[in-house]
Every structure is written in structure tokens, then in C-alpha cells.
Amino acid sequence: MSQKSSSLAAVVAEDLQDRGFRLDTDGRTSVARGSSTTLVPFEAPLAIVSPRNSRPLTVVSTIANAVHDGHVPVLVADRQTETEIEHILSDPFLLRDRRAGRHFFPIEDRIRLPDDSYACLGTTGSVEWFEGGRQATDEPQLRLAAGGETVTVLESVDALSCPGPSTSAFQYRYARGDDGQFRVFDSSRMIGRYNSIKAMRADGFRPLPLPLVPEHHVRDNGKLARATLIARVTGHRTVRYRSVSF
């Protein structure tokens, strides 16, 4: 935790104590216990946590760790990160959009395939993961588009679980050899060799980001996750709490 984040978290901890909470430490996390119904609509301990940044994967990991321990996360945010975190947590919770199906945030994690290679793209344009087709079922298809063009269609989000989709699901994949070089393959052969990911990108190939599927991260205590609070320290050490999911 940075010095700034630590300072802001201390202000939030002090504010919760002033509100009648009892503070203790659960490992490295400050936990506020007591009557929380003034902030969330049920009794639960509050974990004061400071995400390292406002990227979707960081935010969901911070929430998942707190709720796994049985706590409602209180995310300490500054002026710069507050709006970005609110965007991730507001309805639809942990989703980019919910038009005709769920639309997911792409995250830094990669898609590992059964042969220990990773999926990659040979097209430009923004990446979009979304569910579509078979809308009457509980497990709609997961679709990937890049630059507005469909790249692949998987049976469901569960296809991304270990051991991962078939290598045939993607046109390209890459792996790092024992010599440290990155090799790019199509369905049948190696088509490129690069000294770095940067060089691979320069030749038109880029690692494919995994979609952030909420249930793959928050596997239990969903009620606690949806009660997440954002704590923003304003002027004169005043704390403003915002719930974005109920």
C-alpha cells in the first residue's frame, strides 16, 4: 500500500471509529465491527481495503479477497480513482454493459490453452467479450469480437475454465520457447518468432485478454460483494461513503 493510500485508509478507519465501530486487524487488513446498518442494509464486518489501482481486475480481486473472509469491502478511493471504480461497480455490477446479454471487461489475464500456449489475435481494433445466442438457456454462448468482427464463439463462459478452450477455437496462439523467444502459430505451423511481446505486437499479433466473468472471481458471499462501499476522503478529513450496487 502506498503512503497516500495508507493515509487515506487511516482517515476512513478513524471515521468508522467515530461512528461507533470497533476496529481490529485481520492479518494486514483493518476490520470495522459493530452495527453496520447505517452503511449497508445488514449486519456484517467492514474491511477497509485500498485497491492498488482502478483496473477492473485489481478491483474485483480486492473485493473477492474481502468477501472470501466474510467482510463487506470498503474501497478507499481518491478523487482520481473514485469515478473509475464506480463505473466498474455500478449496475450492471462488474460488467461493462448488459445489452442483449452480458458484456465483459477485458482484463490482463491471458487465455491458456490445453497445449500450454496462449490465445492471441492477428487483428486490430478494440476487443469485446459478450454473451449472445441461445438466450433462453442458462448458459449462453460467449462471443469474442475484435474491431467489430467475430473472432470466435465458445459454448459458454465455463469454456474458459481449466484446461481452457481447444486450440482450434482461435486462429492464432503463442508460446515461449526454452530460448526465451515467443513463437506464434496458426492451426498447423509456426508463422513467426519474436524476441519480445513488443516485437510480436509490432508484427500484428497481440495476446488475447481474458474477460472478467464476475462469478469466476466472486465465487461465494455475493451478498457481501454487492454491498461494497466506496469511501472517498473529501476536504477536512470528511469521508463520503457511496454504495453503487443497491
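All values derive from a computational prediction rather than experimental measurement. (Residues numbered from 1 in each chain as written. Predicted model: local features only at pLDDT ≥ 70, side-chain atom pairs only at ≥ 80, totals over all residues. Heavy atoms only, no water.)

Asks: Give me the lowdown on helix α2 (residues 56–68), citing residues and values where you can.
Replies: Between its first and last C-alpha atoms α2 spans 18 Å; for 13 residues at 1.5 Å apiece the expected length is 18 Å, and the two agree. Of all 13 residues making up α2, 10 are buried, and the element is well covered by its neighbours. Where α2 is buried, its residues contact β3 (46–49), β4 (72–77), α3 (79–89), β6 (106–110), α5 (214–217) and α6 (222–226). (Helix = DSSP H or I, 4+ residues; strand = E, 2+ residues; numbered from the N terminus. Expected span 1.5 Å × (residues − 1). Buried < 20%, exposed > 50% of the residue type's maximum accessible area, 1.4 Å probe, protein only. Contact = heavy atoms within 4.5 Å.)

Asks: So what about the packing of aromatic side chains? Which residues, and what values?
Replies: Per the stated rule, a full pass over the model turns up three aromatic pairs. Each ring, one from Y172 and one from F205, has its centre 5.1 Å from the other, and the planes form 75 degrees; the classification is edge-to-face. Residue Y172 is found in strand β11 (residues 172–176), and its partner F205 is found in the loop between α4 (197–202) and β14 (206–207); the two are separated by 33 residues along the sequence. Judged by relative accessible area, F205 falls into the buried class, the value being 11%. Ring geometry for Y174 and F182: centres 6.3 Å apart, planes at 50 degrees, overall tilted. Judged by its relative accessible area of 7%, Y174 is buried. On the basis of relative accessible area, F182 is assigned to the buried category, the value being 10%. (Phe/Tyr/Trp six-rings, centres within 6.5 Å; stacked < 30°, edge-to-face > 60°.)

Asks: Would you mind going over the sheet that holds β11 in detail, with residue names and values included?
Replies: Pairing is antiparallel in the open sheet, where five strands are placed in the order β13-β12-β11-β7-β14. Lying at the two open borders of the sheet, with one neighbouring strand each, are β13 (190–194) and β14. Strand direction decides the pairing type here: β11 and strand β12 (residues 182–185), joined by four bridges, are antiparallel. Bridge pairing in β12 places A175 opposite R183. (Pairing = 2+ DSSP bridges.)

Asks: Explain the nonpolar core to me, and be specific about the residues and the numbers.
Replies: Formed by 66 residues in total, the largest nonpolar core has its most connected members in V12, L16, L89, I111, W129, F170 and L208. Examining the composition of this core, we find that seven residues originate from one element, α2, more than from any other. Excluding residues within four positions of it along the chain, L208 makes contact with D109, R110, I111, A119, C120, L121, V127, W129, L144 and F170. In this structure, C120, V184, Y194 and M200 belong to the second largest nonpolar core, which totals eight residues. (Core = buried A, V, L, I, M, F, W, Y, C linked by side-chain atoms within 4.5 Å.)

Asks: Talk me through unusual backbone geometry; I want residue IDs and the actual numbers.
Replies: Cis geometry is adopted by the peptide bond preceding P92, which originates at D91 and carries an omega value of 5 degrees. Residue position: P92 is located in the loop between α3 and β5 (103–104). The phi angle at L94 is positive, at roughly 60 degrees, despite the residue not being glycine. Even without being a glycine, D116 presents a positive backbone phi close to 70 degrees. Note that D116 resides in the loop between β6 and β7 (118–121). D116 gets classed as partly exposed once you look at its relative accessible area, which sits at 47%.

Asks: Just give me the short version of the side chain of R232, but keep the residues and values in it.
Replies: For R232, the position within the fold is in strand β16 (residues 229–233). For R232, a relative accessible area of 11% translates into the label buried. Once you skip the residues sitting within four places of it in the chain, R232 turns out to touch A77, D78, R79, E82, T238, V239 and R240.

Asks: I'd like a rundown of the side chain of Q141, residues and numbers included.
Replies: Summarising the element assignment, Q141 is placed in strand β9 (residues 141–146). Reaching out from Q141, the side chain makes a polar contact with the side chain of R143 at a distance of 3.0 Å. (Polar contact = N/O pair within 3.5 Å; in protein donor to acceptor, adjacent residues only side chain to side chain.)

Asks: Go over the pattern of salt bridges, please, and point to the residues and values.
Replies: Applying the stated criterion to the full structure yields 16 salt bridges. Here E108 and R55 are joined by a salt bridge, their closest N and O atoms 2.6 Å apart. Of this pair, E108 sits in strand β6 while R55 sits in the loop between β3 and α2, and the two are 53 residues apart along the sequence. For E108, a relative accessible area of 32% gives the class partly exposed. The exposure class assigned to R55 is partly exposed, which follows from its relative accessible area of 44%. The shortest N-O distance in the salt bridge between D186 and R189 comes to 3.9 Å. (Salt bridge = Lys/Arg side-chain N within 4 Å of Asp/Glu carboxyl O.)

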